[in-house]
Amino acid sequence: MQKVCAAIFSSFLMIQAFAQQAIVIGSAKDKSSQEQLIGVTIILENTSPLIGTTTGPDGNYKLVAEPGSYNIIATYVGYRSQTRYNVVLTSGNINSVNFELEEETAILGEVVVEAKRTAEAATIETPLSIQKLTTEEIRSNPGGNFDISRVIQALPGVGGATGTASFRNDIIIRGGAPNENVYYLDGIEIPVINHFSTQGSAGGPQGILNVSFIEDVTLSTSAFDARYDNTLSSVLQFKQRNGNSERLQGNVRLSATELAATFDGPINSKTTFLASARRSYLQLLFKLIDLPIRPNYWDFQYKVNHKIDSKTTLSFIGVGAIDRFSFEIPKNSTPESIYIIRSNPLIEQNSYTAGVSLRRLINNGFWNLAISRNSLDNNLDKFEDGTRPVESERTLRVRSIEAENKLRFDLNKTFELFKFSAGATAQYVQFSNNNLSVIQKELTDQDGSVVQPAVIYNYQSNLNILKGGVFAQVSKKIGSLSSTVGVRSDINSFTSGGTNPLKTISPRIGFSYAVSQKWNLNASVGKYYKMPVYTTLGFKDQGTFVNKNTAYIGSTHAVAGIEFLPESNLRFTLEGFYKKYDNYPVSTRDGISLANSGVSFGQIGSEPVSSSGRGRAYGLELFAQRKLTASTFFTLSYTLFKSEFTGKDGIYRPSSWDNNNLVSAIFGKKFRKNWELGAKFRFAGPSPYTPFDLYASQLNYLATGSGVLDYSMANSERLNSFKQIDVRLDKKWNFERVAIDVFIDIQNLTNFKTPGSLQYTFKRNSDNSGFETTDGQAINQDGSNAVPQVIKDTAGTILPTVGFVVEF
């Protein structure tokens, strides 16, 4: 055995002795027209002798260098230079880095070297409240575990559901609900980006998208481009790279939680592909650490890019997931684990998005045409005791399918100092929901008198909705001043008044002014609309769609900020924001705003509502970022905010996301011989929660497996604050045509106790065979002789992950 190991080690040394080369390819385009630029200078910063080249007649370039981390700079006469920071070049894969350069301003025929310097992510349409992540920042994020949804939670103004389910990927933007965000993959909307997604929301415990596909991610938290509909809090754009055009290559990633394989390369001289598949091992990890939940999933992703001619490109994209969620009784059962088994549903989900887009370059611009379909097939089952499913004890059954068929067209043109875009969208929505929900069972006393009436929803619904929208936006740049004005309107065929486009007129305006080369002032005001979720629209009571009169939810944003760019790789921003909501759905059953829902497994919104709710969120954001300089990089963000919504009584109360204080910091250090260390710290202030109605909870626990909240005291209490430290250590080896990255990622290194939502249960016997009672007899149906317990879940778990990525 020793001889075999020695032979393998010697072979690695011999392979490494060969000349190692890293290849980077890419293109340079005009940002406005998307035309390829010829003669753009591309250099690797701080190389000696200097490594560089220029783009050829097709706008493409190719560079060869030693493996390592580089800043790559693109310069072109009449255009602003652009730098891609911390690009890790390996010998295993051909790396792809593309540039979109922006012209300097021309005034009255004179070419002016413009003083204004802007952040890479900012655009004339969205001058502020915008951040960009590169693929390397996602890959190396401590605690991120290659999960894009989790990485985003470290950006300014972004929180997770830290007070209710900190292991989930719910994205909370500036105090808004999780379903107020929209997601686009190469310009095609993708509603489901997480496994085990909550229907009516978007969160879940694990992201779907493969980081190996991603070129960059852009997050806008206000000043939305008019082309994006149905957003109230953010637009998240995932830009995928194309498969490389030179050779077949791939990578395999193996860790304690998953196995993923990705391949890309040319199909022919005009066509490239990307394809991946991933299998989870979370169920094995959770079994090992004795957690009761058993998540099990697959996901798949592809992209095919075909260049019809020099001006026309056809792209096919797709992403899908297969999710299964079940439970096992832990070896060391506790009241907490029994509660989890009883209170969460069994889940079977299948989801996908598939689309095709056509892009055509025209004189001073381009147009896009996209056709797509997305679907979520959601099956949920819940019983009084999840360890012994009995049909007569069923408390939840959901058989739901929602599918959207979408057509989107947009035209983009530049006229001297003006930039113009306009377009239209059309959708055909198919939604079905077979729902049985036992909210509370009927209880009677010994005389047969009803102590508590039953509240049970049992209905089947089928919806076919037509939706449409139009938009236009005009932007202008003169010297140091940039301005933009946009408007859109949306209609639908289902809701009362939904066919009137005047009810959803949503104007927006933004400004950016360069005080000097280093200082920018930015501001925007806009009105945005979102249609209520399909689970709400499709709810039926006694055969009638009772929520047909719901209105589009409205949100008005006002944001102002200052940006300081002392160096090309150093950025500081300070922004103040105010968001005002109207027409927010309020539950007529519980009297609370649906803005406080969205982080429990299953389905939300399936209940009668009224569009009477209001809300407001306001605060300050401070952000500092240094891109890779020498061997270090960092980000630091702090958000101070308030988030409040009204219920049926019209009184403003803290929302479930009202943490007041959010802090995140990331630090990275690169060492010699391809070692890299990263650390991340996150803090969130105490989350509000609603206490239990102890009397109603005791009556209902045996029937529903959960307590009943006292909504007269909605969000009147607070949990402890949330804090977590994650670290990651990487070591890379480069061989001939092979690269290996071995990593250790540790979440919650210091074992902070994560504040979770309170749990109501009955005390169990010491052997967990049943419930303790006050009289020693069998437990009564109404729980009157039970021993109630309210458990505060503050468990903390150190979650280490060891894995490797092999590129070939």
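This one's a predicted model, so the numbers in the text were calculated from it and none came from an experiment. (Residues numbered from 1 in each chain as written. Predicted model: local features only at pLDDT ≥ 70, side-chain atom pairs only at ≥ 80, totals over all residues. Heavy atoms only, no water.)

Draft legend 1. Up close: the overall build of the chain. Check the secondary structure of the chain and you find seven helices and 50 strands. Here the C-alpha radius of gyration of the chain, 27 Å, is about what a compact globule of 808 residues would show, namely 28 Å. Principal-axis analysis of the C-alpha atoms gives the chain an extent of 90 × 80 × 45 Å. The buried share of the chain, taken over its 808 residues, is 56%. (Helix = DSSP H or I, 4+ residues; strand = E, 2+ residues; numbered from the N terminus. Rg over C-alpha atoms; globule rule 2.2 N^0.38 Å. Buried < 20%, exposed > 50% of the residue type's maximum accessible area, 1.4 Å probe, protein only.)

Draft legend 2. Structural view of the pairing of strand β32 (residues 481–492). Taken together, the 12 bridges between strand β31 (residues 455–478) and β32 define a ladder with antiparallel strand orientation. From the neighbouring strand, Phe-471 faces β32, where its bridge partner is Arg-488. Here β31 folds back onto β32 in antiparallel fashion, the turn holding two residues, of which Gly-479 has a positive phi close to 60°. For β32 and strand β33 (residues 506–514), the ladder comprises eight bridges, and the chain directions are antiparallel. (Pairing = 2+ DSSP bridges.)

Draft legend 3. Representation of the sheet that holds strand β11 (residues 130–134) within the structure. Overall, mixed pairing links the five strands, which are arranged β11-β18-β19-β14-β15 in an open sheet. In this open sheet, the two strands that pair with only one neighbour each are β11 and β15 (188–189). Two strands pair when backbone bridges link them, and β11 and strand β18 (residues 214–220) are joined in this way by five bridges, in the antiparallel orientation. Bridging across to β18, Lys-132 finds its partner in Thr-218.

Draft legend 4. How the structure looks around unusual backbone geometry. Here the amide bond leading from Ser-48 into Pro-49 is cis, since omega sits at -5°, within 30 degrees of zero. With respect to the helices and strands, Pro-49 occurs in the loop between β2 (41–44) and β3 (51–54). Its identity is not glycine, yet Gln-34 carries a phi of approximately 65°, on the positive side.

Draft legend 5. Inspection of helix α7 (residues 694–704) at higher detail. With respect to burial, α7 is a largely interior element, nine of its 11 residues being buried. When we look at burial in α7, the residues that qualify are Ala-696, Ser-697, Gln-698, Leu-699, Asn-700, Tyr-701, Leu-702, Ala-703 and Thr-704. Capping the start of α7, Asp-693 holds a side-chain oxygen 3.2 Å from the backbone nitrogen of Tyr-695, two or three residues further along. Taken from the residues just after α7, Gly-705 is the one with a positive phi, measuring 75°. (Polar contact = N/O pair within 3.5 Å; in protein donor to acceptor, adjacent residues only side chain to side chain.)

Draft legend 6. Structural context of empty space enclosed by the protein. Taken as a whole, the largest cavity holds about 710 Å³ of empty space. Lining of the largest cavity is provided by 39 residues; of these, Val-88, Asn-95, Thr-135, Glu-136 and Arg-139 occupy positions nearest its centre. Within the lining of the largest cavity, the residues separate by chemical class into 12 nonpolar, 13 polar and 14 charged. Its boundaries defined by the atoms lining it, the second largest cavity holds a volume of some 410 Å³. Lining the second largest cavity are 28 residues; nearest its centre among them are Pro-191, Ser-201, Glu-402, Lys-530 and Val-533. Where the lining of the second largest cavity is concerned, the elements lending two or more residues are β14 (181–185), β27 (394–415) and α6 (534–537). (1 Å grid on protein atoms, 1.4 Å probe; cavity = no way out; pocket = protein on both sides within 12 Å on 5 of 7 lines; lining within 4 Å. Points joined across faces, edges and corners; volume = space filled by probe spheres on them. Nonpolar A, V, L, I, M, F, W, Y, C, P; charged D, E, K, R; others polar.)

Draft legend 7. Main features of the environment of Gly-157. Following the sequence through the fold, Gly-157 ends up in the loop between α3 (148–152) and β12 (158–159). Measuring from C-alpha to C-alpha, the distance between Gly-157 and Lys-670 comes to 28 Å, with 513 residues separating the pair along the chain.

Draft legend 8. Just the nonpolar core, in detail. Counting residues in each nonpolar core, the largest one holds 31 residues, and the members touching the most others are Ile-138, Ile-148, Ile-152, Tyr-183, Val-217, Leu-236 and Phe-238. Secondary-structure elements contributing two or more residues to this core are α3, β14, β18, β19 (234–240) and β24 (312–327). The next biggest cluster of nonpolar side chains, apart from the first, holds 19 residues, and it includes Val-24, Val-40, Ala-74 and Val-87. (Core = buried A, V, L, I, M, F, W, Y, C linked by side-chain atoms within 4.5 Å.)

Draft legend 9. Up close: the sheet that holds β3. Strand order in the open sheet formed by four strands is β3-β2-β5-β6, and the pairing between neighbours is antiparallel. In this open sheet, the two strands that pair with only one neighbour each are β3 and β6 (82–89). Adjacent strand axes in the sheet meet at a mean angle of 20° when their direction is disregarded. Of the strand pairs in this sheet, β2 and strand β5 (residues 68–75) are connected by four bridges, and their pairing is antiparallel. The partner of Ile-42 across the bridge, within β5, is Ala-74. (Axes fitted to C-alpha atoms, helices over the stretch in contact; angles between N-to-C directions.)

Draft legend 10. A look at the packing of aromatic side chains. Tallied over the full model, the rule gives 26 aromatic pairs. Considering the side-chain rings of Tyr-184 and Tyr-228, the 4.8 Å spacing of their centres and the 55° angle between planes classify their relative orientation as tilted. Taken together, the residues Tyr-184 in strand β14 and Tyr-228 in the loop between β18 and β19 connect sequence positions 44 residues apart. You'll find Tyr-184 and Tyr-228 in the same group, each marked buried. Judged by centre distance (5.0 Å) and plane angle (45°), the rings of Tyr-581 and Phe-645 are tilted. One end of the pair, Tyr-581, is in strand β38 (residues 570–587); the other, Phe-645, is in strand β40 (residues 632–646), with 64 residues separating them in the sequence. Across from the ring centre of Phe-752, 5.4 Å away, lies the NZ or CZ of Lys-723, which sits over that ring. A cation over a ring is seen here: Arg-728 above Phe-743, with NZ or CZ 4.4 Å from the ring centre. (Phe/Tyr/Trp six-rings, centres within 6.5 Å; stacked < 30°, edge-to-face > 60°. Lys NZ or Arg CZ within 6 Å of the ring centre and 35° of its normal.)

Draft legend 11. Region of the structure containing the pairing of strand β48 (residues 758–762). Of all five residues in β48, five are buried; the element is thus mostly enclosed. Residues Leu-758, Tyr-760 and Phe-762 of β48 are buried on one face, and the alternating residues Gln-759 and Thr-761, pointing to the opposite face, are buried as well. Sheet topology places β48 next to strand β49 (residues 788–792); five bridges connect them, and they run antiparallel. Looking at the pairing, Thr-761 lines up with Gln-789 of β49.

Draft legend 12. View of the pattern of salt bridges. Scanning all chains against the criterion turns up 39 salt bridges. Between Arg-616 and Glu-644 there is a salt bridge; the shortest N-O distance is 2.7 Å. Of this pair, Arg-616 sits in strand β39 (residues 609–629) while Glu-644 sits in strand β40; the two residues are 28 residues apart in sequence, bridging distant segments of the chain. Given the relative accessible area of 26%, Arg-616 is considered partly exposed. (Salt bridge = Lys/Arg side-chain N within 4 Å of Asp/Glu carboxyl O.)

Draft legend 13. Structural view of the environment of Gln-427. Mapped onto the fold, Gln-427 is located in strand β28 (residues 418–440). Among the residues examined, Gln-427 registers a relative accessible area of 7% and is labelled buried. Taking C-alpha positions, Gln-427 is 16 Å from Leu-537, a pair spaced 110 residues apart along the chain. Residues contacting Gln-427, with those up to four places away along its chain left out, are Asp-229, Glu-404, Asn-405, Lys-406, Ile-465, Leu-466, Lys-467 and Tyr-534. (Contact = heavy atoms within 4.5 Å.)

Draft legend 14. View of the confidence of the model for the chain. For the chain, mean pLDDT is 89; residues scoring 70 or higher make up 91% of the total. Residue range residues 1–18 is modelled with pLDDT below 50. Its contacts to residues more than four positions away, or to other chains, number seven contacts. Within the model, the stretch residues 106–116 combines pLDDT values under 50 with 20 contacts to residues more than four positions away or in other chains. (pLDDT = per-residue confidence, 0-100.)

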